[in-house]
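If you want the building blocks of each chain, they are given just below.
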Amino acid sequence: MSSPLLRMRGITKAFPGAKALDGVDLEVEPGEVHCLLGQNGAGKSTLIKVLAGAHQPDSGDLTWDGEPVVLPSPTAAMRHGISTIYQELDLVDGLSVADNIFLGHERARFGLTRRGETAAAARELLRSLGHPEIAPGTEVGSLSPAQQQIVSMARALSHDTRLIVMDEPSAVLTQDEVANLFRVIGELTATGVAVLYISHRMAEIRAIGTRVTVLKDGRTVAGGLPADTPTAQLVALMTGRETAYDFPQRGAAGGVPERDEVLRVEHLTQPGSFEDVSFTVHAGEIVGLVGLVGSGRSEILHAVYGATRPASGSVLVDGRRLPPGRVTAAVRAGVGLAPEERKSQALFLQDSVVRNVSISSLGRFARFGWLDRRREATAAAERVAALDMRPADPQRPVRTLSGGNQQKAVLARWLLRGCRVLLLDEPTRGVDVGARAELYALVRELADSGVAVLFVSSEVPEVLGLADRALVLREGRIVHEAEAASLKESHVLDLVMEESRA
Amino acid sequence: MSDQTTPRPAEDAPGLPAQARSGADVATRPSLVKEGPDPGRPGSGRQQLLRLFPLHQMHSLGLVVVLVLLGVVGTVTSDNFLTSNNIVNILTSAAVIGVITVGQTFVIIGGGIDLSVGAIVAVASVWCTTVATQSYGLGGMLFTAVVVGSAVGLLNGILIAYGRIVAFITTLAMMASARGVAERLSDRQSQVVTVDSFNRIATDKFLGIPLLVYLMAGIVVLGWLLLNRTTFGRRTFAVGGNPEAARLAGIAVRRHTMLLYLLSGVCCGVAAVMLTARTTSGASNLGNLYELDSIAAVIIGGTLLAGGRGSLFGSILGVLVFTTITNIFVLNNLTTDIQEIAKGLIILVAVLLQRTRGARSPA
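Per an unreviewed UniProt entry, chain B goes by the name Ribose transport system permease protein and belongs to Actinacidiphila cocklensis. Looking at chain B in UniProt, the text filed under Subcellular location (unreviewed entry) is "Cell membrane".

Per an unreviewed UniProt entry, chain A carries the name Ribose ABC transporter (ATP-binding protein) and comes from Actinacidiphila cocklensis. For chain A, the Subcellular location (unreviewed entry) comment in UniProt is given as "Cell membrane".

Okay, here's the thing in structure tokens:
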């Protein structure tokens, strides 16, 4: 125990507009399965990339086997014996299993691959992983996801590996396959290899974990906890908040049901994501959807918005049924979405704030398609000023803004268009602490002006503090609905992960 | 020398806060200030330039400089270069490819590519010069050329936007098959145009300048307005810059994509009329390699091949750079092989310049 295999201290990594890692500490012992827990955006992926040598940390110390190291490239990480199995498997579909396993360190002489030797070595590795049925000559693209994962693992083992990082390896697997994965992990750790296992499934952590480290907002909130730490405590660490926030006052009248129903969702179903989801949102009401990653929360928002087409069920706005799977129709009916991945799903990063704000309402500033750019700029600038964006320069490229101000730009887009229903997916993700309270106030203000707000959050206190009504999701189903003010955080946590406790 | 520079610092002092207010890149500003410890020399001149021309327009400015340099080279190497006759020549030979490049610029900014432009020109040219079409006179011929161009463009657009076939593949296939249709229609014979009014499109002049040049100028201006002053243009940038964000912002991305290829087809139809009139006959080998010429012009004009950013003005400058080079080579009786090498080098240099420009702006 005296000398851990890997020790990270105070690792930070900032990207333009967001701080992905803000002080991560992590210690991994040889032969242990160290579980890394955290919500989407907690910094898990960035941390993995730092370990894999794909990202360079801005500050912090990395100690490997007792010696300080830097990992300037993936090759360097591999040389030290760190292998990473990404969630999006990084295999070459068109190459054979054996070629994939030895990609980058081919068994070759004078540039000619030694095919027989390669195939034999691959076969041996696959057998040790309990999958002798995967032929080394098979094209990887024709394998099932579970088999591809085994190939990925064989590739990791083909190096002299001492630490294997696995990013949500069970996400693509069936139960039997997971059992086999666990068996393989057990055999690996018995030989002294350490595994850094990333998952948000409590049951798995219970089954194979040695210790647990919890990340939140790019920081280690608890490191090296025993794996039998009560689930409620772990989830509270993941979703809880150290700081108390000022949530805006709820509508003084409190008579929400008296107002008009704006959004009605009936029996929305998408097998594998969500099942028979029905709810309503009234004008002036804020409804929060709370659930763990994978509970179907974002998928529901996307289906309501028409960004995906659900298998069945309907969405009605002001009593009129929206055609499924058509964003343009939803937008025309007055629905707006602030997606979870702002940069890739909402913003035109190189463009100015004005252009980002006006893009959904261009028609209003145009006559026969001819843009009145002065009117456009004035109207967008008004919104920008109303939202107190900083810096208050609407001509600035949106990529130079902080996360909170980028989110404001997205909200300004829908404010300018004037919407009836606003869908917010993790509205405070990547938004620094100071700007959150402002966003909360803004959302409440919008609701008070008559907008029906539906938002998704993985942070329970955020839902309880901001929403009028909360819908609790578990595995794609709404398991509880209640006035947010009447709910207790611990109760919600119990509901969210009932299955995991069994 | 020093006398001239003395008033400069005074001019510069108020200049700095003005620049700070203008919202120029925060990251580059301090380094710019440090770079020029001696105010009044290139450093501050560059700042003033930056204020006048935002960074993304600097590229076009660079092309103007290249064009001027080419003009100098042309004037030095040949007495015939700087004559009004020759300038008109350059503009006339730029006219057809210029019109095609307008459409290509839209397509590329919108995140696509159109490899079939040359083939569309051929099929439109052949179709509008068949004996049957010519019997309808000028109106029938113009109508046919534009409709055939639009139809092929629309077909491209439908296959790419709704059939979800990659643009490169779709237009590559169209390039082959449209050319084939042209050959079949014409039986590989050139079809002489007997309608005089049609041929006059290429020969008529107004104020000493051929009609073709006015046509190109008109289409460039219309294209510029469409790209920079209308909702269509704004959405083109959005669709090319971030298609997913555009879709989630409520833009009908597929319909827009389809319209971009239709637009390119219309430009090809017009270009076919111009080219056919110049050669006074329709033929299936017209417009050969125009796809590469137009893409090259768009790229050296500063438009990102990935889409989302670009300038029509730059594209047209690109066309002029290439036609001027050709002109200089012809005037000096130089062989075309060296000319091709020069073209290739210019494309490489332009793209390298683009990359340093991209690296300078953070993230």
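On we go.
**A look at the overall build of chain A**
Scanning chain A for helices and strands turns up 18 helices and 24 strands. Looking at chain A alone, contacts between residues at least 24 apart form 67% of all its contacts between residues at least 6 apart.

**Here's the deal with the overall build of chain B**
Looking only at helices and strands, chain B has 18 helices and four strands in total. Here chain B, with 363 residues, has 48% of them falling under the buried criterion. Carbon and sulfur atoms make up 67% of the accessible area of chain B, which amounts to about 17,100 Å² in all.

**Considering the UniProt feature "transmembrane region" (unreviewed entry) in chain B**
All names here are of chain B. UniProt annotation of "transmembrane region" (unreviewed entry) refers to residues 58–76, 88–109, 115–133, 140–159, 206–227, 258–277 and 312–331 when read in the numbering used here. Spanning residues 115–133, this segment combines 74% helix with 0% strand, and its end C-alpha atoms are found 27 Å apart. Here residues 312–331 runs as 100% helix and 0% strand, with 29 Å between its end C-alpha atoms.

**Side note on the side chain of B:T101**
Residues and elements named next belong to chain B. The topology assignment puts T101 in helix α6 (residues 84–109). A residue is classified by how much of its surface remains accessible, and T101, at 0% relative accessible area, is buried. Side-chain polar atoms of T101 contact the backbone oxygen of I97, separated by 2.7 Å. For T101, the contacting residues outside a window of four places in its chain are S294, A297, V298, S315 and V319.

**A look at the sheet that holds strand β21 (residues 421–425) of chain A**
Residue and element names in this part refer to chain A. Taken together, six strands build an open sheet; the order of strands is β18-β21-β22-β15-β23-β24 and the sheet is mixed. Each edge of the sheet is formed by a strand with only one pairing partner; in this case those strands are β18 (335–338) and β24 (477–483). If you compare each strand with its neighbour and ignore which way they point, the axes differ by 15 degrees on average. Relative to strand β22 (residues 452–457), strand β15 (residues 286–290) is paired through five bridges, and the arrangement is parallel. In the strand pairing of β22, V287 is matched with L454. Docked against the sheet, helix α17 (residues 489–496) engages β15, β23 (469–474) and β24, running at close to 30 degrees with respect to β23.

**Describing the interface of chain B and chain A**
On the side of chain A, 33 residues touch chain B, which itself brings 28 residues to the contact. Summed over both partners, the interface of chain B with chain A buries about 2,500 Å², with 55% contributed by carbon and sulfur atoms. For chain B, the biggest contributors to the area lost against chain A are B:R229, B:R234 and B:L248; these three give 30% of the whole. Our enumeration of links across chain B and chain A arrives at one salt bridge. Taking the shortest distance from any N to any O, the salt bridge between A:E376 and B:R234 comes out at 2.5 Å. Counting the contacts that link chain B with chain A gives nine residue pairs in polar contact (both at pLDDT 80 or more). Counting only elements with at least two residues in the side of chain B that touches chain A, the list comes to α12 (211–229), α13 (231–241) and α14 (243–248) of chain B. Per-class residue counts for the side of chain B that touches chain A are twelve nonpolar, eight polar and eight charged.

**Let's talk about the nonpolar core**
By size, the foremost hydrophobic cluster in this structure holds 142 residues, and its most contacted members are A:Y197, A:L263 and A:Y305. Core analysis: the next-biggest nonpolar cluster, separate from the first, contains 78 residues, B:F237, B:M274, B:A296 and B:V319 among them.

**Considerations on helix α5 (residues 145–158) of chain A**
Residue and element names in this part refer to chain A. Its 14 residues place the ends of α5 20 Å apart at the C-alpha level, agreeing with the 20 Å of an ideal helix rising 1.5 Å per residue. Counted residue by residue, α5 has twelve buried out of 14 residues, so it is predominantly covered. Those residues of α5 that sit buried are A146, Q148, Q149, I150, V151, S152, M153, A154, R155, A156, L157 and S158. The inward-facing, buried residues of α5 contact β6 (82–85), α3 (97–101), α4 (115–128), β9 (163–167) and α6 (175–190).

**So, a nonpolar patch on the surface**
All names here are of chain B. On the surface, L155, L159, I165, V166, F168, I169 and L172 cluster together to form a nonpolar patch covering roughly 590 Å² of accessible area. When residues of the nonpolar patch are traced back to their parent elements, those giving at least two are α9 (137–161) and α10 (167–186). As for its placement among the helices and strands, I169 is situated in helix α10. On the basis of relative accessible area, I169 is assigned to the partly exposed category, the value being 48%.

**A word on the packing of aromatic side chains**
Summed over the entire model, instances satisfying the criterion amount to four aromatic pairs over all chains. Taking the ring centre of B:F237 as reference, the NZ or CZ of A:R355 above it sits at 5.8 Å. When the ring centre of B:F322 is taken as reference, the NZ or CZ atom of B:K343 above it lies at 5.8 Å.

**Describing the environment of A:L225**
Residue and element names in this part refer to chain A. By the element assignment, L225 lies in strand β12 (residues 219–226). L225 gets classed as buried once you look at its relative accessible area, which sits at 17%. Setting aside chain neighbours within four positions, we find L225 in contact with T210, R211, V212, V214, L234 and L237.

Scoring rules and cut-offs
- Residues numbered from 1 in each chain as written.
- Chains lettered and ligands numbered in written order.
- Predicted model: local features only at pLDDT ≥ 70, side-chain atom pairs only at ≥ 80, totals over all residues.
- Heavy atoms only, no water.
- UniProt positions renumbered as here; feature names shortened; annotations may be inferred.
- Helix = DSSP H or I, 4+ residues; strand = E, 2+ residues; numbered from the N terminus.
- Contact = heavy atoms within 4.5 Å.
- Buried < 20%, exposed > 50% of the residue type's maximum accessible area, 1.4 Å probe, protein only.
- Areas by Shrake-Rupley, 256 points an atom, 1.4 Å probe, with all protein chains shown as cover.
- Polar contact = N/O pair within 3.5 Å; in protein donor to acceptor, adjacent residues only side chain to side chain.
- Pairing = 2+ DSSP bridges.
- Axes fitted to C-alpha atoms, helices over the stretch in contact; angles between N-to-C directions.
- Buried area = accessible area lost by both parts, 1.4 Å probe.
- Salt bridge = Lys/Arg side-chain N within 4 Å of Asp/Glu carboxyl O.
- Nonpolar A, V, L, I, M, F, W, Y, C, P; charged D, E, K, R; others polar.
- Core = buried A, V, L, I, M, F, W, Y, C linked by side-chain atoms within 4.5 Å.
- Expected span 1.5 Å × (residues − 1).
- Patch = residues over 30% accessible without salt bridge, like charges linked within 9 Å, V, L, I, M, F, W, Y side chains within 5 Å.
- Phe/Tyr/Trp six-rings, centres within 6.5 Å; stacked < 30°, edge-to-face > 60°.
- Lys NZ or Arg CZ within 6 Å of the ring centre and 35° of its normal.

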